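The residues making up each chain are set out below.
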Amino acid sequence: MNVTDLVEGCIHHRKKAQNRLYDMYSSRLYGVCLRYSGDRAEAQDILQESFLKIYKNIHTLKFTNEISFYGWMHRITVNTALNHCRDYLKKHQLHETLEFANTETEFNETSVYEDILEHISHEKLLKLIQELPTGYRTIFNLYAFENNTHKEIATALEISVNTSKSQLFKARKMLASRIYKILATNNVKMVI
């Protein structure tokens, strides 16, 4: 069954098509959910909610090809994860409490991540990202994986641009500290 047939089947609420769509894309979208959630149970909840939204809104899709279809589902999944994060932040009133003076410190993330991945598995790095506090983790994911600007992040999370910058800076700092500990345990020396 090709993607066009799956979409058509889902538009007509055919269970076989919905199940096949879930089977084809759930593991990739679950990985997205894991990046934004604190644990596997929350990621599974986000995934299920995302698929409900996908099934409900699939009739609105301007389908062109599999890549754009996956991009559409990915965006729904990210937005669902952001809603969970936004609700958490509002509930715990963490929005504007985190400011940091030096938000301009940057490093070459690409080369650092490549070096780190030589010594730490993808799974371990994902776990370290999951362990970040919700605000840090959300902004880190939006910036590093979704390529959002601080202005886009601020708008999406209803926070200031400076809060986005400071939380990203603190997320990087916390992540780097945890990575250093792992590398030190393994007697690996790196300069970040």
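Up top is the structure these notes are about.
Sequence order as written defines the numbering, with residues in each chain counted from 1. Where local features are concerned, this predicted model is filtered to residues with pLDDT of at least 70; where side-chain atom pairs are given and counted, the filter is 80 or more; whole-chain, interface and lining totals use all residues. Values reported for side chains reflect all heavy atoms of the structure, with hydrogen atoms and water molecules removed beforehand.

**Some details on the overall build of the chain**
To keep it simple, the criterion reads: Strands are runs of DSSP state E lasting at least two residues, helices are runs of H or I lasting at least four, and both sets are numbered from the N terminus onward. Remark: exposure states derive from per-residue accessible area (1.4 Å probe, protein chains only) relative to the maximum for the residue type, with buried under 20%, exposed over 50%, and partly exposed in between. When checking whether two residues touch, look at their non-hydrogen atoms; a contact exists if any pair is within 4.5 Å. Methods summary: accessible areas were calculated by the Shrake-Rupley approach with a probe of 1.4 Å, and residue burial reflects only the protein chains presented.
Each helix and strand in the chain was counted, giving nine helices and zero strands. When each of the 192 residues of the chain is scored for burial, the buried share is 43%. Long-range pairs, those at least 24 residues apart, make up 70% of the contacts in the chain with a sequence separation of at least 6. Carbon and sulfur atoms form 52% of the exposed surface of the chain, whose accessible area is close to 10700 Å².

**A word on the packing of aromatic side chains**
For the record, the criterion: Note on ring pairs: Phe, Tyr and Trp rings are taken, using the six-membered ring of Trp, and paired if centres are within 6.5 Å. Classes follow the plane angle, with under 30 degrees stacked, over 60 edge-to-face and the rest tilted.
Under the defined criterion, the tally for this structure stands at six aromatic pairs. Taken together, a centroid distance of 6.1 Å and an interplanar angle of 25° make the contact between tyrosine 25 and tyrosine 70 stacked. Of this pair, tyrosine 25 sits in helix α2 (residues 15–36) while tyrosine 70 sits in helix α4 (residues 66–92), and the two are 45 residues apart along the sequence. Between phenylalanine 51 and tyrosine 55 the ring centres are 5.8 Å apart and the planes differ by 50°, which places this aromatic pair in the tilted class. Placement of the pair is phenylalanine 51 and tyrosine 55 together in helix α3 (residues 40–57), with a separation of four residues, close to one helical turn. For phenylalanine 51, a relative accessible area of 2% puts it in the buried group. Tyrosine 55 gets classed as buried once you look at its relative accessible area, which sits at 16%.

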